[in-house]
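Now for the letters of each chain:
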Amino acid sequence: MSQSLRRMQYAVRGEVVMKADQLAAQGKEILYTNIGNPHQVGQSPITYYRQVLALCDLPAECGVDHPNVYDMFPKDVVARAREYRKDIGPSGTGAYTHSQGILAFRQHIAEYIQNRDGYKSYPGNIFLTNGASTAINMVLQGLLASNNDAVMIPIPQYPIYSALISKLGGRQVGYELDEDLNWAVSREELESKLETAKSNGLDVRALAMINPGNPSGNVMTHCDIQTLTEFCDTHGIVLLADEVYQTNVYAENSEFVSAKKVALDCNLKNLQLVSFHSTSKGLIGECGRRGGYMELHHIDPYVQSQLYKLASAELCSGVVGQLMTSLMVKPPKKEDASYKLFKQENDNIYNGLKERAEKLVHGLNQIPGITCVPAEGAMYAFPTVQVTPKAIEAAKEQGTTPDNLYALSLLEMTGICVVPASGFGQKKGRVGFRTTFLHPETLKAIDLFAKHHEQFTKDYS
Ligand SMILES: Cc1ncc(COP(=O)(O)O)c(C=O)c1O
């Protein structure tokens, strides 16, 4: 079988999670904080989206054309579903679509991007995909031609990058985000890692950035992004901008700025950029719908045609995911009957995330031996934990990492399931974990984190 597949690792569903599932099967109560999967941990779907989706799927006579439809659905929901049914065409939601996705939906996305950035966006450059994951896979597949081809990835990173690069037989070159500088990266760090890669005979094809950060939780400033866009522009490296958390910004002084906007603000004429977005995150959290898109910017038309061929070989992305993506970028308007409830539901989710992000980080920082940079965005806190030399020794003896040992001990003692930080990559010598703040019970976990840390330190002192 494929040795690249055997080498591939994906910590978010790795050893600690498997152990948690085992314990859960034995009846232990587990607080899953290992994965950004909001509905799995109790987040409710937003009514408007589900209503429109239902009316798109139902036969017309049971839905949009039913005589009592207005008793069950707000007027604007019915109108939107009718529009979508026209966009999809008479074959309905059960037929394959254009390989890049339904044109009208790509037009909605282009309008959204244009309003967000103030620069033109073209539906022809947009591909609807089964979540961002598929888009990332497609682009990496297009980029990696030999096992000397490399992709620069942030350390720490969301492990889909390391996993797919190794699956596709490419090489990863980590560039370190500086925890002391709110997880920013310097131009010096980028240049130095590129130099080393070149001297090792690697050909760096692309660089991935994640903003807002997973697992780091930082929201990049215009200036942080400029460092990356200019670096890629100078060296002819394709920039992969993972912006799936673009609406998950909680810190008062932070705002999301897209890599495309920065590139165009700075007039970078050569930068080749692919940006990703998803319906799995934000306040929607519909991970199971598998909706998302990528926008290609300044990508050579021949390369684009090859990506189109790849998309065609997969036929098309799921139609429900395509619908979800259009809904994400085209929510109800203020004057619509649905708006009040829509806003209320969105505000509830947002306020809950913001409150838990702040309180969780604050709580973690109160625990002697744990420090955590504020989670300005995304869905995660990524604390550093201090462990004793004995714990490091014990991990070595057991052939594991100190943070794996720590996470397993946390799980066994408290039932909290986190991901060891080594699964994302981290500075040598650092020990930590990633936890989400999605779960409504997140704040109750703070006490348990404290008790466990004290016990773990005692056990290995
Ligand atoms: C940074 C980042 N990119 C991409 C994805 C993939 O999301 P999806 O494929 O569900 O759109 C995730 C999921 O957690 C993520 O955190």
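- Under an unreviewed UniProt entry, the protein chain has the name Alanine aminotransferase and belongs to Fragilariopsis cylindrus CCMP1102.
- In the Subunit (unreviewed entry) part of its UniProt record, the protein chain is described as follows: "Homodimer."
- Regarding the protein chain, the UniProt comment filed under Sequence similarities (unreviewed entry) reads as follows: "Belongs to the class-I pyridoxal-phosphate-dependent aminotransferase family. Alanine aminotransferase subfamily."

## Focus on the packing of aromatic side chains
Here is step 1 of the chain: Counted according to the given criterion, the structure contains 13 aromatic pairs.
Here is step 2 of the chain: Where Tyr406 meets Phe456, the ring centres are 4.8 Å apart and the plane angle is 70 degrees; that geometry is what we call edge-to-face. With a gap of 50 residues between them, Tyr406 in helix H16 (residues 402–414) and Phe456 in helix H17 (residues 442–459) connect regions that are remote in the sequence.
Here is step 3 of the chain: A centroid spacing of 5.2 Å and a plane angle of 20 degrees characterise the contact between Phe433 and Phe449, whose relative ring orientation is stacked. Residue Phe433 is located in strand S14 (residues 433–436), and its partner Phe449 is located in helix H17; the two are separated by 16 residues in the primary sequence. With respect to class, Phe433 is no different from Phe449; both count as buried.
Here is step 4 of the chain: Ring pairs connect the aromatic residues Tyr406, Phe433, Phe449, Phe456 and Tyr460, which therefore count as one cluster.

## Focus on the packing of helix H7 (residues 131–143) against helix H12 (residues 301–313)
Here is step 1 of the chain: For the pair H7 and H12, the least separation of the axes is 10 Å and the interaxial angle reads 130 degrees. Classified by the interaxial angle, the pair formed by H7 and H12 is oblique. Two packed elements cross with a definite hand, and for H7 against H12 that hand is right-handed. Mapping the contact onto sequence places Met138, Val139 and Gln141 in H7 and Leu307, Leu310 and Ala311 in H12.

## A word on the site of the ligand
Here is step 1 of the chain: Taken together, 13 residues lie near the ligand, and Ser133, Asp242, Tyr245, Ser278 and Ser280 sit nearest.
Here is step 2 of the chain: A distance of 2.7 Å separates an oxygen atom of the ligand from a polar backbone atom of Ala132.
Here is step 3 of the chain: A distance of 2.4 Å separates an oxygen atom of the ligand from a polar atom in the side chain of Ser133.
Here is step 4 of the chain: In isolation the ligand offers 390 Å² of accessible surface; the protein chains occlude 95% of this area.
Here is step 5 of the chain: Top element by residues in the shell around the ligand is H7. It accounts for 3 residues.
Here is step 6 of the chain: Along the lines of polarity and charge, the residues of the shell around the ligand split into 5 nonpolar, 5 polar and 3 charged.

## Digging into the pattern of salt bridges
Here is step 1 of the chain: Scanning the model with the defined rule gives 18 salt bridges in all.
Here is step 2 of the chain: Here Arg82 ties to Asp65 by a salt bridge, and the two come within 3.4 Å at their closest N and O atoms. Note that Arg82 is positioned in helix H5 (residues 75–88) and Asp65 in the loop between helix H3 (47–57) and helix H4 (69–72), a separation of 17 residues in sequence.
Here is step 3 of the chain: The class for Arg82 is partly exposed, based on a relative accessible area of 36%.
Here is step 4 of the chain: One salt bridge connects Lys354 with Glu358, and the closest N-O pair in it is separated by 3.3 Å.

## So, the sheet that holds strand S6 (residues 238–242)
Strand pairing within a sheet occurs via backbone hydrogen bonds; the two strands may be parallel or antiparallel.
Here is step 1 of the chain: The 7 strands are arranged S2-S8-S7-S6-S5-S3-S4 in an open sheet whose pairing can be described as mixed. Of all the strands in the sheet, the pair left with one neighbour each is strand S2 (126–129) and strand S4 (171–176). Averaged over all pairs of adjacent strands, the angle between strand axes in this sheet comes to 20 degrees, irrespective of strand direction.
Here is step 2 of the chain: Taken together, the 6 bridges between strand S3 (residues 149–155) and S4 define a ladder with parallel strand orientation. Residue pairing across strands places Ala150 opposite Arg171, the latter belonging to S4.
Here is step 3 of the chain: Packing of H7 onto the sheet brings it into contact with S2, S3, strand S5 (203–210), S6, strand S7 (273–278) and strand S8 (292–297), and relative to S7 it is tilted by some 160 degrees.
Here is step 4 of the chain: Each of S3, S4, S5 and S6 touches helix H10 (residues 222–235); the most contacted strand, S5, lies at about 160 degrees to it.

## A short note on the sheet that holds strand S13 (residues 419–420)
Here is step 1 of the chain: One open sheet holds the 3 strands; their spatial order is S10-S14-S13, and the pairing between them is antiparallel. In this open sheet, the two strands that pair with only one neighbour each are strand S10 (380–381) and S13.
Here is step 2 of the chain: Taken together, the 2 bridges between S13 and S14 define a ladder with antiparallel strand orientation. Among the inter-strand pairings, Pro420 is bridged to a residue of S14, identified as Phe433.

## Things to note about the pairing of S8
Here is step 1 of the chain: Among the 6 residues that make up S8, 6 are buried, leaving the element largely enclosed by the rest of the structure.
Here is step 2 of the chain: Burial along S8 is two-sided: Gly292, Met294 and Leu296 and Tyr293, Glu295 and His297, pointing in opposite directions, are all buried.
Here is step 3 of the chain: Across 4 bridges, S2 lies against S8 in antiparallel orientation. Along S8, the bridge assignment pairs Ile126 with Glu295.
Here is step 4 of the chain: As paired elements, S7 and S8 share 6 bridges and run antiparallel to each other. From the neighbouring strand, Leu273 faces S8, where its bridge partner is His297.

## A word on helix H13 (residues 319–329)
Here is step 1 of the chain: Among the 11 residues in H13, 10 count as buried, and that is most of the element.
Here is step 2 of the chain: Burial in H13 covers these residues: Val319, Gly321, Gln322, Leu323, Met324, Thr325, Ser326, Leu327, Met328 and Val329.
Here is step 3 of the chain: Where H13 is buried, its residues touch H3, H5, helix H6 (103–117), S2, S7 and S8.

## Quick notes on the pairing of S3
Here is step 1 of the chain: A large share of S3 lies buried, amounting to 7 of its 7 residues.
Here is step 2 of the chain: A two-sided burial pattern is seen for S3, the buried positions comprising Asp149, Val151, Ile153 and Ile155 on one face and Ala150, Met152 and Pro154 on the other.
Here is step 3 of the chain: Relative to S5, S3 runs parallel, the two being bridged by 4 bridges. Across the sheet, the residue bridging to Ala150 is Val204, located in S5.
Here is step 4 of the chain: At this point the chain moves from S3, through helix H8 (residues 160–167), to the parallel S4, and the crossover so formed is right-handed.

## Describing unusual backbone geometry
Here is step 1 of the chain: Of the consecutive residues Ile155 and Pro156, the connecting peptide bond is found in the cis state with omega at 5 degrees.
Here is step 2 of the chain: Residue position: Pro156 is located in the loop between S3 and H8.
Here is step 3 of the chain: For the bond running from Asn211 to Pro212, omega is -15 degrees, close enough to zero to count as cis.
Here is step 4 of the chain: With respect to the element layout, Pro212 can be found in the loop between S5 and H10.

Thresholds, definitions, all that
Residues numbered from 1 in each chain as written. Predicted model: local features only at pLDDT ≥ 70, side-chain atom pairs only at ≥ 80, totals over all residues. Heavy atoms only, no water. UniProt positions renumbered as here; feature names shortened; annotations may be inferred. Phe/Tyr/Trp six-rings, centres within 6.5 Å; stacked < 30°, edge-to-face > 60°. Helix = DSSP H or I, 4+ residues; strand = E, 2+ residues; numbered from the N terminus. Buried < 20%, exposed > 50% of the residue type's maximum accessible area, 1.4 Å probe, protein only. Axes fitted to C-alpha atoms, helices over the stretch in contact; angles between N-to-C directions. Parallel < 35°, antiparallel > 145°, perpendicular 65-115°, else oblique. Left-handed = near helix turned anticlockwise from the far one by under 90°. Contact = heavy atoms within 4.5 Å. Near = heavy atom within 4 Å. Polar contact = N/O pair within 3.5 Å; in protein donor to acceptor, adjacent residues only side chain to side chain. Areas by Shrake-Rupley, 256 points an atom, 1.4 Å probe, with all protein chains shown as cover. Nonpolar A, V, L, I, M, F, W, Y, C, P; charged D, E, K, R; others polar. Salt bridge = Lys/Arg side-chain N within 4 Å of Asp/Glu carboxyl O. Pairing = 2+ DSSP bridges. Right-handed = clockwise from strand over helix to strand, strands pointing away.

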